[in-house]
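Breakdown of the fold
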Amino acid sequence: LLLTFQGVFAATTFLFFFFLLFLFILYAQYKLKIKIMKKYIGIDVSKRDFHVCFNEHVDIIKFDNSQKGIEYFLNYLLLNRFGKRNTLIGLESTGSYHLQLSFLATKAGYIVQVINPLITSRQAKSAVRSVKTDAHDAALIRLCVINGAGHPFRDTSSSLALKTLVRQRARFSL
């Protein structure tokens, strides 16, 4: 009986050691994930410009919704250490206004999430204060991206050209 007890004790000690090792590995992975947290950016796009919310503490920055303005925005991201692998850009689907920004940001290597306006509208209605400004909308879009809303932008230049032709055709047929 004594020999069996020693064998069980050794096996239990062995299992307990590996259990502690397993917990240590899980903890180390968890700490690593915290260090690699993504940076979330919310963008409210309009015809002439777009407002960008980088975090909840910084003022909103406005850029022109043009080729030059988008290039300036992408350079701003690089200069301010918004890495392509750890930055998630979210913007609302606004007809055709968001397409150029989405395409160029994706082409530059960033992950772009396109959010249905109904989702941001629902999020805005759940807020205590009902403020409607471009800066507030950019912060709201950022919050939606943090919560996992939207789908990845995957259009190509040829699919965008086709969408443009379909929109123009629809406009002429009215």
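A few points on the structure. (Residues numbered from 1 in each chain as written. Predicted model: local features only at pLDDT ≥ 70, side-chain atom pairs only at ≥ 80, totals over all residues. Heavy atoms only, no water.)

**Things to note about helix 6 (residues 157–172)**
Rules: Strands are runs of DSSP state E lasting at least two residues, helices are runs of H or I lasting at least four, and both sets are numbered from the N terminus onward. Expected helix span is computed as 1.5 Å times (number of residues minus one). We call a residue buried when its accessible area falls under 20% of the maximum for its residue type, exposed when it is over 50%, and partly exposed in between, using a 1.4 Å probe and counting protein chains only.
Taking 1.5 Å of rise per residue, the 16 residues of helix 6 would be expected to cover 22 Å, and the 23 Å separating its terminal C-alpha atoms lies within 8% of that figure. Burial analysis of helix 6 places just one of its 16 residues in the buried class, which makes it a mostly uncovered element.

**As for the environment of Pro-152**
Spelled out, the test is: Contacts are assigned to residue pairs with any non-hydrogen atoms lying within 4.5 Å of each other.
Inspection of the secondary structure puts Pro-152 in strand 6 (residues 151–152). For Pro-152, a relative accessible area of 33% puts it in the partly exposed group. A C-alpha to C-alpha distance of 9.9 Å links Pro-152 and Leu-88, two positions 64 residues apart in sequence. Excluding its chain neighbours within four sequence positions, the residues that come into contact with Pro-152 are Val-112 and Gln-113.

**Describing the nonpolar core**
Put simply, the rule is: We define a nonpolar core as any set of buried Ala, Val, Leu, Ile, Met, Phe, Trp, Tyr and Cys residues linked to one another through side-chain atoms lying within 4.5 Å.
Grouped together as the largest cluster of nonpolar side chains are 23 residues, with contacts concentrated most on Ile-43, Phe-50, Phe-73, Leu-77 and Ile-89. Within the residue set of this core, elements represented by two or more residues are strand 1 (39–45), strand 2 (49–53), helix 2 (67–79), strand 4 (87–92), helix 3 (99–107) and strand 5 (111–115). When residues no more than four places from it in sequence are discounted, the contact partners of Phe-50 are Ile-43, Asp-44, Val-45, Ile-61, Lys-62, Phe-63, Asp-64, Asn-65, Gly-69, Ile-70, Phe-73 and Leu-101. Counting residues in hydrophobic clusters, the runner-up holds seven residues, among them Tyr-40, Ile-115, Cys-144 and Val-145.

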